[in-house]
Amino acid sequence: MGRAFVAAFFCLLLLSQKAVAGWYHVENYEGSIGRDPVHLSLQTYDSYGSGITVEGSYFYDARQSPIALYGTVSGTRLSLCAISDDQEFERIMVMGSKTPVDTTNCPLSLDIGESGARGTWRKGADKFPVTLKKVASLDDTGEAKLDGTVEIPFWAETAADRFAGLYTNTGSGICMTKMQVIKKTSGKVVQQIPFDDDGCDAGMLMTPIYMNVQKWVERRKDIISVNFRGGGNGHTMDYIFNRSARKYQQKK
């Protein structure tokens, strides 16, 4: 994901009436699709454009690769589609569509309750039951509320790693206090990058919370950018993997 994606979302933020902050309402779930264990995170919002009112990120525990979701909410009912490739991601999640996005044929249908969700995943003629338990939530749309351990599975990934943000309710509000690096082959946290952030700005810039960590490529090397709000359009802190140290270090 390149710098163009960041610029595109900066434009959306400037046009949004809620761009000053306070748009994160996120609920995290764990459970299964059919027999496969999954983790799923959903953020609801008045409108992302094109009629989309919910976006999310989920991954199968066995694969550890985040998959972007988008869809609509009607009462307690959610209809969700999964992004299939980079081109679709840019068209729907970044640039937006000039016409409303049709979610009537989305494969994932959920009925959300207080403690979890149930539904079905359709694949052709087959239907797989979906059972989810709510494990954490974050809401800064009013008085800051955080329940459970909130780990946000960012859409950014490399071939070897995925990234998750640990969000905490600090004295300055809710923000990301650590970024976890999770090895895909094992599903284990291999590094935690802390943020000494007095303003509590880390991971609080982009409208979709899942885009507050992004990946781009420079000279064939993956660069991981963490977004911070504040300072007008916000700013980023970039990290690159040091093969000798076997960890991500801040890019100089």
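This text follows the structure it describes.
Report follows, based on the coordinates.

Observations regarding helix α2 (residues 86-95)
Now for step 1: Taken together, the buried positions of α2 are Glu88, Phe89, Ile92, Met93 and Val94. The buried residues of α2 occupy an angular sector of 165° when the element is viewed end-on, so they sit on one face. Opposite the buried face of α2, by more than 90 degrees, sit the exposed residues Gln87 and Met95.
Now for step 2: The backbone nitrogen of glutamine 87 lies 3.2 Å from a side-chain oxygen of the residue at the head of α2, namely aspartate 85.
Now for step 3: Just past α2, the residue glycine 96 takes up positive phi, approximately 80°.

Details of the sheet that holds strand β13 (residues 189-194)
Now for step 1: Strand order in the open sheet formed by four strands is β10-β11-β12-β13, with antiparallel pairing between adjacent strands. Strands with a single pairing partner mark the edges of an open sheet, and in this sheet they are β10 (150-157) and β13. Sheet twist, expressed as the mean angle between neighbouring strand axes with direction ignored, is 30°.

As for the state of the cysteines
Now for step 1: Enumeration according to the criterion identifies two disulfides in this entry.
Now for step 2: The side chain of cysteine 81 participates in a disulfide bridge whose partner is cysteine 106; the two sulfur atoms lie 2.0 Å from each other. Its S-S torsion of approximately -105° makes the covalent link between cysteine 81 and cysteine 106 left-handed. Residue cysteine 81 is found in strand β5 (residues 77-82), and its partner cysteine 106 is found in the loop between α2 and β6 (108-112); the two are separated by 25 residues along the sequence.
Now for step 3: On the accessibility criterion, cysteine 106 (1% relative accessible area) is buried.
Now for step 4: Cysteine 175 shares a disulfide with cysteine 200; S-S distance 2.1 Å.

Criteria and thresholds
- Residues numbered from 1 in each chain as written.
- Predicted model: local features only at pLDDT ≥ 70, side-chain atom pairs only at ≥ 80, totals over all residues.
- Heavy atoms only, no water.
- Buried < 20%, exposed > 50% of the residue type's maximum accessible area, 1.4 Å probe, protein only.
- Helix = DSSP H or I, 4+ residues; strand = E, 2+ residues; numbered from the N terminus.
- Arc of directions from axis to C-beta.
- Polar contact = N/O pair within 3.5 Å; in protein donor to acceptor, adjacent residues only side chain to side chain.
- Pairing = 2+ DSSP bridges.
- Axes fitted to C-alpha atoms, helices over the stretch in contact; angles between N-to-C directions.
- Disulfide = S-S within 2.5 Å.

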